[in-house]
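The primary structure of each chain is shown beneath.
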Amino acid sequence: MTSLPSPTKEGGKPSEPGNPQSSDGLQAGLKNRHLSMIAIGGVIGAGLFVGSASGIATAGPGILLSYALVGLMVVLVMRMLGEMAAARPSSGSFSAYADQALGRWAGFSIGWLYWFFWVVVLAVEATAGAQILEGWIPAVPQWAWALIVMVVLTATNLASVASYGEFEFWFAGIKVVAIGAFVVIGLLAVFGLLPGSDNPGAGLAHLTDSGGFLPKGPGAILTGVLMVVFSFMGSEIVTLAAGESSNPQRAVAKATNSVIWRIAVFYLGSIFVVLTLLPWNDPSILKEGSYVAALNSIGIPHAGQVMDFIVLTAVLSCLNSGLYTASRMAFSLGLRGDAPKAFARTNTRGVPTAAILSSVLFGFVAVFFNYQWPDTVFAFLLNSSGAVALFVWLVICFTQLRMRGIILREAPEKLVVRMWLFPYLTWATIAMISFVLVYMLTDDTAREQVLLSLLVAALVVAIALVKDARGRREKAPAEADG
């Protein structure tokens, strides 16, 4: 396989001495503390705070098993991705690896699908943040708040990768501290050890006292899986960001090894606290939100306002990372010739300006669709990107099956992170993800997401195959002449 040339700086200038630069033209501006917090905060999306109430209402205490099953999938997928990213750090991460292991069509397809997913997420998160901010300052209309939020975070990403890392460090830090405090305070209240708590402290009784641990039956666990699977999207961001750090191999290895405790504490730990503080069918969980209801049961004053602030932080964090992720995927696609060449150019600060602006432009368009045609055009965008997370995880699995052999042949010393029980656990993960996709087709609420996502994926793959075939036809005469 021939190596691709590194892009030059805009205007053809080389990077400045003393300004560390990765081989693809991006600046190594992320510090270890940035990457550590990106890794920790990457698994905590706004969906955890907002969507958990519906999951609890659907599966009861059994939702813990739903989170555990999806968490297990994410741990295994991250282990596979960590193996490849530690050996070959790249701003394109799994898209670049799919390109190398499965073919140009695979890297092209999954790269553009992933980019599409994140630009739609930009619109969702900008609208969610605008709703909270409008509630605080009604004089500013919701669309204006969405615009302000997008402009501020675009400016942050355009400034430098260090600016993105600094913002994300604090955004993610607030989320981590908030959930950590929630788990500790909640557990003290659960066992009656919190002074002045309004909660009677029922211990573990609420897990079984309202119809048992599985009040909706075992099938509700799978329905719960469908509801929570997308709140885990984002754990892979650290493997893209590692390419802009001074020691990407160490950063990826550390993030991969810590993903188990992150999921255990932040997801399983916080949902466990909610379910032990309140019966799963308590009306306040759906009415106020699971975390607000739990805080109110303890007697924490202004719980609603506290959670609004934390959710806003999670939204801004997701927006910040979403814009970063979409732009770096666009940059990588440009670098490989699968997107306009302008996407692969960086300025003197090592920032891919065109890739960022094009991503935020589509994000702005999606925000407009959300306000203008929320139930038609935007609903289509939302549903057609809904299953992309599962497609990405599947591609990572198949890619790792091939990349292990490539890495062992070319640079075995770089295989510092290894997938457990290879290839058996890789195939088991493929089976788990495939089962979830098939089960989604049987679920009335999820079927449309899968079908529309498959339609968009088929269209992108078709474009990739046509592009690939055209490239081979153009290459053949040139090789014959040579």
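Residues numbered from 1 in each chain as written. Predicted model: local features only at pLDDT ≥ 70, side-chain atom pairs only at ≥ 80, totals over all residues. Heavy atoms only, no water.

**Some details on the pattern of salt bridges**
What the rule picks out here adds up to nine salt bridges. Note that D99 is salt-bridged to R104, the shortest N-O span being 3.2 Å. A residue is classified by how much of its surface remains accessible, and R104, at 34% relative accessible area, is partly exposed. Put simply, R447 and D444 hold a salt bridge, and the shortest N to O gap is 3.1 Å. Looking at R447, the relative accessible area reads 30%, which means it is partly exposed. Judged by relative accessible area, D444 falls into the exposed class, the value being 63%. Here the residues in one salt-bridge network are D99, R104, R336, D338 and K467, joined through shared partners. (Salt bridge = Lys/Arg side-chain N within 4 Å of Asp/Glu carboxyl O. Buried < 20%, exposed > 50% of the residue type's maximum accessible area, 1.4 Å probe, protein only.)

**Considering unusual backbone geometry**
A cis amide bond links F422 with the next residue in sequence, P423, at an omega value of 0°. With respect to the element layout, P423 can be found in the loop between α16 (388-410) and α17 (424-442). One non-glycine residue, H302, adopts positive backbone phi at about 55°. Within the fold, H302 resides in the loop between α12 (290-298) and α13 (303-335). A relative accessible area of 58% means that H302 is categorised as exposed. For L421, which is not glycine, the phi dihedral falls at a positive 45°. Of note, L421 is situated in the loop between α16 and α17. (Helix = DSSP H or I, 4+ residues; strand = E, 2+ residues; numbered from the N terminus.)

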